[in-house]
Amino acid sequence: MMTALAAPAAKRIRAIYWTVAALVLLLPAIAMQVTAEVNWGPGDFAIMGGLLALVGIGIEMALKAALGKRARMLAIGAMLALFLLVWAELAVGLFD
């Protein structure tokens, strides 16, 4: 039986993810101060925050699951790919 990811490695991955997620959410707020081309409303920030939180929860679950290293990385990669797909659809209507 496989065990969950070692605590130090899992903490490092968590810290990296949540830092990157905060920066991704902060970038449009900064860009709105510099250019008029970025115009996010409160709903946009809420949707992006929700998406980032769901991906973060999924990564947390993958890190705690009793999976092998390859399965864990595939699960995390699939979550990130799905996030990018949903993000692209919401941003530009990828499937329209």
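Residues numbered from 1 in each chain as written. Predicted model: local features only at pLDDT ≥ 70, side-chain atom pairs only at ≥ 80, totals over all residues. Heavy atoms only, no water.

**Quick word on the overall build of the chain**
Alright, step 1. Counting its secondary structure elements, the chain contains 3 helices and 0 strands.
Alright, step 2. Seen in sequence order, the chain has helices and strands lined up from the N terminus as α-α-α.
Alright, step 3. Taken over C-alpha atoms, the radius of gyration comes to 16 Å for the chain, far larger than the 12 Å a tight globule of 96 residues would show.
Alright, step 4. Here the C-alpha coordinates of the chain stretch approximately 55 × 30 × 15 Å along the principal axes.
Alright, step 5. Out of the 96 residues in the chain, the part that is buried amounts to 20%.
Alright, step 6. A fraction of 60% describes how many contacts in the chain between residues 6 or more apart in sequence connect residues 24 or more apart.
Alright, step 7. Working note: accessible area of the chain is about 6,700 Å², and carbon and sulfur atoms make up 73% of it.
Alright, step 8. Counting 7 positive and 5 negative side-chain charges, the chain places the averaged centre of each group 29 Å from the other. (Helix = DSSP H or I, 4+ residues; strand = E, 2+ residues; numbered from the N terminus. Rg over C-alpha atoms; globule rule 2.2 N^0.38 Å. Buried < 20%, exposed > 50% of the residue type's maximum accessible area, 1.4 Å probe, protein only. Contact = heavy atoms within 4.5 Å. Areas by Shrake-Rupley, 256 points an atom, 1.4 Å probe, with all protein chains shown as cover. Lys, Arg positive; Asp, Glu negative; His and termini not counted. Charge placed at Lys NZ, Arg CZ, Asp CG, Glu CD.)

**Description of the pattern of salt bridges**
Alright, step 1. Tallying each qualifying case throughout the model produces 1 salt bridge.
Alright, step 2. Ionic pairing is found between E60 and R14, a salt bridge with its closest N-O pair at 2.5 Å. On the criterion of sequence distance, the pair formed by E60 in helix α2 (residues 42-64) and R14 in helix α1 (residues 7-34) is long-range, its members being 46 residues apart. (Salt bridge = Lys/Arg side-chain N within 4 Å of Asp/Glu carboxyl O.)

**Concerning the environment of A7**
Alright, step 1. On the secondary structure map, A7 appears in helix α1.
Alright, step 2. Sequence spacing of A7 and K64 is 57 residues, and the spatial spacing of their C-alpha atoms is 9.5 Å.

**Some thoughts on a nonpolar patch on the surface**
Alright, step 1. Together, I47, L82, L85, V86, L90, V92, L94 and F95 give the surface a local cluster of nonpolar side chains, amounting to about 790 Å² of exposed area.
Alright, step 2. Tallying contributions element by element places helix α3 (residues 69-92) first for the nonpolar patch, with 5 residues.
Alright, step 3. When you line up the elements, F95 lands in the segment after α3. (Patch = residues over 30% accessible without salt bridge, like charges linked within 9 Å, V, L, I, M, F, W, Y side chains within 5 Å.)

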